[in-house]
Amino acid sequence: MNTLNFIDRFHIWRKKIKWNRQYRNGKWDYLKTEKEAPRYAKISEIIKTYSQEKPHVLDLGSGEGVLRMVLDPLDLGYFYGVDFSKVSIEKALQNKFKNADFQVADLHYYTPAQDFDTIVFNEAFYYINTTVKAKVVNRILSKLKKDGILITSIFGEGTGCWEYFDIPELEQIEFSKVDSKNGNTSWKIGVYRKT
Ligand SMILES: C[S@@+](CC[C@H](N)C(=O)[O-])C[C@H]1O[C@@H](n2cnc3c(N)ncnc32)[C@H](O)[C@@H]1O
């Protein structure tokens, strides 16, 4: 089964309302703190190391665009952030980032309108309903250029997630563990090249 039923769609709608409330209340402001900084720094380094020069980057579940904040605009061709929380996207837009756009869209249904050199799931993939995870990966990969880079960050073990990237269309080129500044959390970051 790889479609969302009425109950699934209802739960996704409820979660979206919750995310909007949490962004409004500042619950996710901590993503901009030093504690989380090593994860963004690692993703930034990965983009520099493996992406083509001045890549067009798609950030799926971008929230307020914290990743865009840490990327050096000189290393970036274009940045596109997508999140189903309207509140987070409004916050992202307030930054008026150069060469960047943001869109409110649900990853369960979203198909990028253009091709990208680099696509990022930064602490967002595990929110996708299990019944359609493979379908979402497939859809997103159709918009990743050949030899393009897919980067996935997942905190803890990432059970029920990593297997979706173990597919013939992707070659794993790096897999690393990053610790938070205070050592209380760690993330695993997988880097894949589209074959
Ligand atoms: C933990 S936050 C990470 C935000 C951002 N990637 C970062 O690391 O700064 C997870 C984000 O995923 C978004 N999200 C969750 N489910 C989503 C969905 N179905 N479609 C789009 N965005 C989603 C949330 O709104 C939230 O902004």
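To be clear, the structure that these remarks concern was listed above.
Residues numbered from 1 in each chain as written. Predicted model: local features only at pLDDT ≥ 70, side-chain atom pairs only at ≥ 80, totals over all residues. Heavy atoms only, no water.

(A) Representation of the site of the ligand. Taken together, 21 residues sit near the ligand, with Tyr23, Tyr40, Gly61, Asp83 and Asn122 positioned nearest. Take Asn122: an N or O atom from its main chain is 2.7 Å from a nitrogen atom of the ligand. Protein contact buries 98% of the 600 Å² of open area that the ligand shows by itself. Of all the elements in the fold, those that place two or more residues in the shell around the ligand are helix H1 (6–25) and helix H2 (37–50). Taken together, the residues that form the shell around the ligand break down as 11 nonpolar, six polar and four charged. (Near = heavy atom within 4 Å. Polar contact = N/O pair within 3.5 Å; in protein donor to acceptor, adjacent residues only side chain to side chain. Areas by Shrake-Rupley, 256 points an atom, 1.4 Å probe, with all protein chains shown as cover. Helix = DSSP H or I, 4+ residues; strand = E, 2+ residues; numbered from the N terminus. Nonpolar A, V, L, I, M, F, W, Y, C, P; charged D, E, K, R; others polar.)

(B) Here's a closer look at the nonpolar core. Residues Tyr110, Phe121, Leu150, Ile151 and Phe165 are the most contacted members of the largest nonpolar core, which totals 57 residues. The greatest single-element share of this core, amounting to five residues, is contributed by strand S5 (residues 144–155). (Core = buried A, V, L, I, M, F, W, Y, C linked by side-chain atoms within 4.5 Å. Buried < 20%, exposed > 50% of the residue type's maximum accessible area, 1.4 Å probe, protein only.)

(C) A nonpolar patch on the surface, seen in detail. A surface patch of nonpolar side chains, about 530 Å² in accessible area, is lined by Phe6, Ile7, Phe10, Trp13 and Ile17. Take Ile7: it is sitting in helix H1. (Patch = residues over 30% accessible without salt bridge, like charges linked within 9 Å, V, L, I, M, F, W, Y side chains within 5 Å. Salt bridge = Lys/Arg side-chain N within 4 Å of Asp/Glu carboxyl O.)

(D) Fine view of the sheet that holds strand S3 (residues 100–104). Spatially, the seven strands line up as an open sheet ordered S3-S2-S1-S4-S5-S7-S6, and their pairing is mixed. Across the chains shown, the open sheet's two edge strands, defined by having one partner strand only, are S3 and strand S6 (170–179). Adjacent strand axes in the sheet meet at a mean angle of 15° when their direction is disregarded. Where S6 meets strand S7 (residues 186–194), nine bridges bridge the pair, whose relative direction is antiparallel. Each bridged residue has a counterpart across the sheet, and for Val178 the counterpart in S7 is Trp187. Sheet contacts for H2: strand S4 (116–122), S5, S6 and S7; angle to S6, the most-contacted strand, approximately 150°. (Pairing = 2+ DSSP bridges. Axes fitted to C-alpha atoms, helices over the stretch in contact; angles between N-to-C directions. Contact = heavy atoms within 4.5 Å.)

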